[in-house]
Amino acid sequence: RVQSIKMTLYRAGGDSPIVRTLIKAAEAGKQVAVLVELKARFDEATNVHWARQLERAGVHVVYGMVGLKTHSKVVLVVRDDGDQLRRYVHIGTGNYNTRTARLYEDLGFITCDNEVGADATELFNHLTGYSRRVDYQRLLVAPRDLRPALYGLIENEASYGAAGRITLKCNAIADAGMTEALYAAAQAGVRVDGIVRGVCTLRAGVPGLSDTIHIRSVLGRYLEHSRIYRFEHGGADGGPLYLIGSADLMPRNLDRRVEVLVPLNHPKHI
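Conventions we followed
- Residues numbered from 1 in each chain as written.
- Predicted model: local features only at pLDDT ≥ 70, side-chain atom pairs only at ≥ 80, totals over all residues.
- Heavy atoms only, no water.
- Helix = DSSP H or I, 4+ residues; strand = E, 2+ residues; numbered from the N terminus.
- Buried < 20%, exposed > 50% of the residue type's maximum accessible area, 1.4 Å probe, protein only.
- Contact = heavy atoms within 4.5 Å.
- Areas by Shrake-Rupley, 256 points an atom, 1.4 Å probe, with all protein chains shown as cover.
- Lys, Arg positive; Asp, Glu negative; His and termini not counted.
- Charge placed at Lys NZ, Arg CZ, Asp CG, Glu CD.
- 1 Å grid on protein atoms, 1.4 Å probe; cavity = no way out; pocket = protein on both sides within 12 Å on 5 of 7 lines; lining within 4 Å.
- Points joined across faces, edges and corners; volume = space filled by probe spheres on them.
- Nonpolar A, V, L, I, M, F, W, Y, C, P; charged D, E, K, R; others polar.
- Polar contact = N/O pair within 3.5 Å; in protein donor to acceptor, adjacent residues only side chain to side chain.
- Expected span 1.5 Å × (residues − 1).

Colleague: Quick question: what am I supposed to make of the overall build of the protein chain here?
Modeller: Check the secondary structure of the protein chain and you find 7 helices and 16 strands. Principal-axis analysis of the C-alpha atoms gives the protein chain an extent of 60 × 40 × 35 Å. Out of the 270 residues belonging to the protein chain, those deemed buried represent 50%. Counting only contacts in the protein chain whose residues sit at least 6 apart along the sequence, the fraction spanning at least 24 positions is 64%. Approximately 12900 Å² of the protein chain is accessible, and the part contributed by carbon and sulfur atoms is 51%. For the protein chain, the distance from the average position of its 35 positive side-chain charges to the average position of its 29 negative side-chain charges is 6 Å.

Colleague: I tried to follow the side chain of E105 on my own but got confused; where do I start?
Modeller: Following the sequence through the fold, E105 ends up in strand β7 (residues 104-105). Beyond its immediate chain neighbours, meaning those up to four positions away, E105 contacts K169, Y222, L223, E224, H225 and S226.

Colleague: Please clarify how the layout of surface pockets should be interpreted in this entry.
Modeller: It is the rolling of a water-molecule-sized probe over the atoms that shows where space remains empty. Of the pockets and cavities examined, the second largest pocket occupies roughly 210 Å³. Looking at the second largest pocket, it is lined by 15 residues, and the ones nearest its centre are G234, G235, A236, L241 and P263. Per-element tally for the lining of the second largest pocket: the top contributor is strand β15 (residues 241-245), with 3 residues. For the lining of the second largest pocket, a count of residues per class yields 11 nonpolar, 3 polar and 1 charged.

Colleague: Explanation requested: the side chain of K169 in the structure shown.
Modeller: Tracing the backbone shows K169 in strand β10 (residues 165-170). You can call K169 buried: its relative accessible area is 12%. Engagement of the side chain of K169 in a polar contact is seen with the side chain of E105, the distance being 3.3 Å. Within the local environment of K169, its side chain forms a polar contact with the side chain of E224, the two groups lying 3.1 Å apart. For K169, the residues in contact, after removing those within four places along its chain, are E105, I195, E224, H225, S226, R227 and I228.

Colleague: Is there a simple way to explain helix α6 (residues 176-187) in this structure?
Modeller: Residues separated by three or four positions in an α-helix point in the same direction, a consequence of the helix having 3.6 residues per turn. The end-to-end C-alpha distance of α6, which contains 12 residues, comes to 16 Å, matching closely the 16 Å that a straight helix rising 1.5 Å per residue would cover. The set of residues buried in α6 consists of M178, T179, A181, L182, Y183, A185 and A186. Turning to α6, the residues buried within the fold contact α5 (146-158), β10, β11 (191-196), β12 (213-216) and α7 (251-255). A positive backbone phi angle near 105 degrees is found at G189, which sits one or two residues after α6.

Right, dumping it as structure tokens:
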């Protein structure tokens, strides 16, 4: 009943059951398209090997967009459910890699929401060269839309003064524009909580600059890898907005990579 499978592969890993399953799907007559990122640091040779294997099996392999790394973690499956063709989308914070999946703490969101499905279709059409049109309803996609969207969300919290609240969980905060925006929000009274595993150029607790900014680094049993962004008044109804996805607050993620953040709306997910 599955008609097509489209997927981004940033780090496939050395022994990849996902790639083997994609090959089986293509051999079974499914339409399979995979974007393989050849410039994934330390995994270049492995990714070239899997790209060749996929091509031999009849998979439509593309290698990303000129000048941009494709770092997003997205799968789109179209299936005939009898009543209609339905799009199933998975968007994650971690790579589709068997080895790191056992070592990294990550989150994934799977949905058949029509708007998310339409956005994922737009994304893959753009990445595979079928379309230049990119008008997303729900997804925040770098490099075009993510930076201005995050600036807007930060400035919106600043408009609420001391009632504003921003929580950021990511691997790194190292973008000058984002740190300046967060300092400005803090000076407006917004409470900013950063849970940052690695590099953080946002200085907490500087009198007159970042009194309301608090930063914590989390080192635990697993490597903390998920990216979660929460804005107290960022939702369409004026309530909280929760986003997960592949992007850290670094220049390379915001300006030089294809990244995806997706909003979570279901109370259980929130």
